[in-house]
Amino acid sequence: MVKTKEKKKKEKKEKKEGFEYEKILKFVFPIVVLITAYIGYHIRMQPSSYKYFIDPDTFYHFELYKLTLREWIPKYYLFSDAPFGSLVGEPRGLYILPALAYKVLSIFGVSAFKAFKMFPPLVGFFSILGVYFLGKKLHSEWTGLWSALIMMFLTASFVRTFSGNNRGDGLFMMLFLFAAASMFYYFEEQKKVLKYMYGAFFVGFGVLSLSAWNGSPFGLMVLLGFGALNAIALFVFGKIEELKAFVRDFYPAYALILIVGYALTPSGIVRVSGHIRFAFEAFMGLFALTLVMLYGERFRLNYEDRLHRLAVVIAIAAIGVVGARLYVGPKIWSLMSGAYQSTQVYETVQELAKTTMNDIKLYYGVKGSDGLIFFLSLAGIGLATFKFFYDLLRENRVNSKLLFLLTFYGMSVYLMGTAVRFLFLASAATILAFAYLIGEIFGYILRMEEKPSTKAMFAVLLILLLVPIPIVGAVNMNNQAKRMGGSVSKSWEETLLWLKNNTNELDTATSWWDYGYWIESSLLSNRRASADGGHARDRDHIIAQFLANSGNKSEVDFESWQLNYMIVWNQDIYKFNAISYLGGAISRNERSHISMFLPFQKVADNLYMLNQNTKLEITTKGGQKKVIVTIPTQSGLSQGEPIQSIFVNTGEVIKGAGTFPYVAYIFPSFAFIAYYKISGSNFVDLAFFGGSRLPNFKLVHSTGDLNTYEFHPFALYRMEIYENKTWKPISKLGPGEYKARLYISAFGRNVKDAMIRLRTYKDGNLIDDEIIAQNVDIDHLNEEPLEVDIKVPNATRYELVLIQKGPVGALTEAPKLDGKIINPTRVLNDGQKGELELKAKFRKDYGDVSLYLRATVIYLVRTQGTSNEDENAVFEPHMDIIHYEKIADNLKTTNKEITFKGNAEFPNIINPYIEELKKKYGDKLTIRGVRVEPVFIADKEYVIYLSKASSFRAGMR
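This structure is a prediction, so every number in the text was calculated from the model and none was measured.

Describing the packing of aromatic side chains
Next up, step 1: All chains considered together, the criterion is met by 87 aromatic pairs.
Next up, step 2: Ring geometry for F226 and F246: centres 5.8 Å apart, planes at 90°, overall edge-to-face. Separated by 20 residues along the polypeptide, F226 in helix α9 (residues 217-236) and F246 in helix α10 (residues 240-263) bring together distant segments of the chain. Each member of the pair, F226 together with F246, is buried.

Details of the sheet that holds strand β5 (residues 565-569)
Two strands in a sheet stick together by hydrogen bonds in their backbones, pointing the same way (parallel) or opposite ways (antiparallel).
Next up, step 1: Across the sheet, which stays open at both edges, the five strands sit in the order β4-β3-β5-β16-β15 with mixed pairing between neighbours. The open sheet is flanked by β4 (528-529) and β15 (697-702), the only strands paired with a single partner.
Next up, step 2: Examined bridge by bridge, strand β3 (residues 508-510) and β5 share two bridges and lie parallel to one another. Directly across from T510, in β5, lies its bridge partner M566.
Next up, step 3: Against the sheet, helix α21 (residues 490-502) engages β3, β5, β15 and β16 (706-711), with an angle of about 170° to β5.

Considerations on the sheet that holds strand β29 (residues 874-891)
Next up, step 1: The strand order β21-β20-β23-β31-β28-β29 describes an open sheet built from six strands, whose pairing is antiparallel. Single-partner strands in this sheet number two, and they are β21 (765-778) and β29. Within this sheet the neighbouring strands show an average axis-to-axis angle of 30°, counted without direction.
Next up, step 2: Pairing geometry for strand β28 (residues 849-864) and strand β31 (residues 925-947), over twelve bridges, is antiparallel. Bridge assignment links V861 to a residue of β31, and that residue is L925.
Next up, step 3: Across the sheet, helix α27 (residues 910-921) touches β28, β29 and β31, and the angle it forms with β31 is around 105°.

Examining the pattern of salt bridges
Next up, step 1: Following the criterion strictly, the structure yields 41 salt bridges and no others.
Next up, step 2: For D55, the salt bridge identified is with R167, shortest N-O distance 2.9 Å. With a gap of 112 residues between them, D55 in the loop between α1 (2-45) and α2 (56-71) and R167 in the loop between α6 (155-158) and α7 (168-188) connect regions that are remote in the sequence.
Next up, step 3: Accessibility expressed as a relative area gives 11% for R167, which makes it buried.

Conventions we followed
Position numbers for residues start from 1 in each chain and track the written sequence from start to end. The predicted origin of the model limits local features to residues at a pLDDT of at least 70 and limits the giving and counting of side-chain atom pairs to 80 or more, whereas totals for whole chains, interfaces and linings rest on all residues. Side-chain numbers come from the whole structure's heavy atoms, not from hydrogens or water. Here a pair means two rings of Phe, Tyr or Trp (six-membered ring of Trp) with centres within 6.5 Å. Their orientation is stacked below 30 degrees between planes, edge-to-face above 60, and tilted elsewhere. The way it works is that DSSP assigns letters per residue, a run of H or I at least four long becomes a helix, a run of E at least two long becomes a strand, and they are numbered from the N terminus. Using a 1.4 Å probe on the protein chains alone, a residue whose accessible area is under 20% of its type maximum counts as buried, one over 50% counts as exposed, and one in between counts as partly exposed. Following DSSP output, two strands are said to pair if at least two bridges run between them. The contact criterion used is simple: two residues touch if any of their non-hydrogen atoms lie within 4.5 Å. Only the contacting stretch of a helix is used when fitting its axis, a line to C-alpha atoms as for every element, and angles between N-to-C directions run 0 to 180 degrees. Any Lys or Arg side-chain nitrogen found within 4 Å of a carboxyl oxygen on Asp or Glu counts as a salt bridge.

Here is the structure:
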């Protein structure tokens, strides 16, 4: 009896000690997590000291955020796809939520710009809290804590939540973590009021996650996959009452997420209506399966054991898959594959490249590229899989929490493998799997049949063993964050600010599409861009065609874009494999295996080096000068002679043996070699030689590495006068009477029924305006000089102006058809009509403007290779303007603006044209874009020659 009492006292004492221990942990863990989240926020704020943003896309998101502060649900962005603008295609939650955050932060004096910079780190802060709550519900406090500790520093999480990178996937993941955590609180809560509150959180966070990112359907699929697997497992293993409870809780909440999300799509707050419909259809299939599982026995289905129940599920699921395949088509197998490699443009986007193990090691390392967190997550998910099936097969228990973790991890790792950008998306599941392993180890220690002091000792030792991971990771990540440089170089900043201060507000500019968001940014040039990272992706091929080629093959109708400035950066030699491929200059195989450029720095007389093994040497053998290039290959160092070498300063050209298929350009302090197919490209001329061969491009600003050219669709590049029975070139106009020959370069666009006028000025005043030619026509692919008679008075400035019909003005509001906002670059389709509303701004007032709908088809023709997937495939870009449909005549501007409202109708033009292309090219054809754009046409003046009685710039053709 005494022993029994002593035993009870001992057990009571141990329970008391255990209770105190658990009580302390419940108090300590949230504090540690809050400190962890703050440290994570601090690390992510390190790049905020940079003047601008680090990620180029963030410049665009900042502009939409500013629009949201004014309009709350912006619909139109006028700076992209110049001169038309574009509809806002992103879910508005990406902008509304940071705008709301600003409204709160502004109370404390935080500016809109500062609040925007703070928002991604705040997303990181709350994501750390969210992963803690989810880890805690899935397993234990220890799992939640270690989830937070790893997310604090992990590169895969950092890359989308640091200041200067404001993208939707980071915000989506934060909201999804809270949605998933709320779901499990909702499942477990017994008190009705609290249960409904958690259910509302589950639905609310689920809908908000849909409003944050176009990739948010991933969350829908994770929830649907979990719901389906959990319901099936409960049914197969005979847990009918649990199945009914799960159906009662999960199904209405999930359906509500879909319904509310879909209801928000017309406003643009959610932009994934197609995916929501697909998820709803799949959910209806699951609901039908659930009805069979619950009530099938009434219709004599055999549910007597697991095998029979499983057979029923398999049979119904097979029918569902076949039906879905017939309904959706072959795309069903790639619905989760994202944008990976789906077009030629996407092939060249680095973040859509296929993920490698080195990428995984880098993103999931603690220090450097060790990949420790990912490799340990494999152990964690392996243990979770074992425990799930052990519980299922040995204990006849369906562990829904483990099933969610397995589903989340499996889908995340699948996406991770398809493209580099999804390394972030997989971060939460990977962290949870890692933390699950740690939680299990701590759980094992706490379950040991030892004294509390002994278990505490083991726990302390384990903590001491593991604590270097978050400490080392946080220090390493913090140091990396401090060293992060800005994306906008000094030369780009100088160029873009020059553009802002020296050009018209309606001017448009372009470069390679990577820099379009900089051109558009109100922080920089605040000008319209022809192409950027998210708009006018069909134009990427056309810009690449211009840059990667030369001569007639490179001439494209930039005037149809109303292009004013072309910016060329010589550092794009490092992107020129992609540019050359998209421009149709090289094959896919050449893009993947051959460098288009190799740069060298001069290190000694006649020696230029890239690195120790890659060099260019100038030698003399047998009295003959030679250029030798040495490069490393798989079999060792290889030497060869370029096809030719050009000494730029002297003009000396050395013919080489051509054993190395490059052309060398040698400058006093540096040199580069260019692959022979692109060695004479417009890019080489514009980046390194000031556009000497391109008279339509006039260099107006240069920083040394970045050249800005003013584009003139028509330019005079040579002028001759007839004197002493021969034609002699002249360099400037002067007083007198001439019989002259004008050499006019028409770039990508014919001169048609044009007039040429000579205008002369004296002391700034116009003294004469004479027509010297009428009805001028020039084929831009076969130019012939124009003979004219000129009488030039004595003056201080002369202009030759070519006047012909051309596009003018730029849209300032989204067009409407029958009162509804429509795509500015596809206002009507074949055979469509309606009442069209437009508003546009102009550089000057016009008295006679016509409105047309211009149809353009942009397409690729495979000129090499047996299929589009062939490594030897080459794709040649084409931009065909196929039709102008007149909508209105005799329009007049008022205060340099036009507001038009009238009936418009477009004939059946586009589909027949595409069908003809298909007949001509067959499977070699890829349609990249179809445009029907509203274009205002007026008599437009093009200054082809301007001189202050000084030398005339003659370009070489």
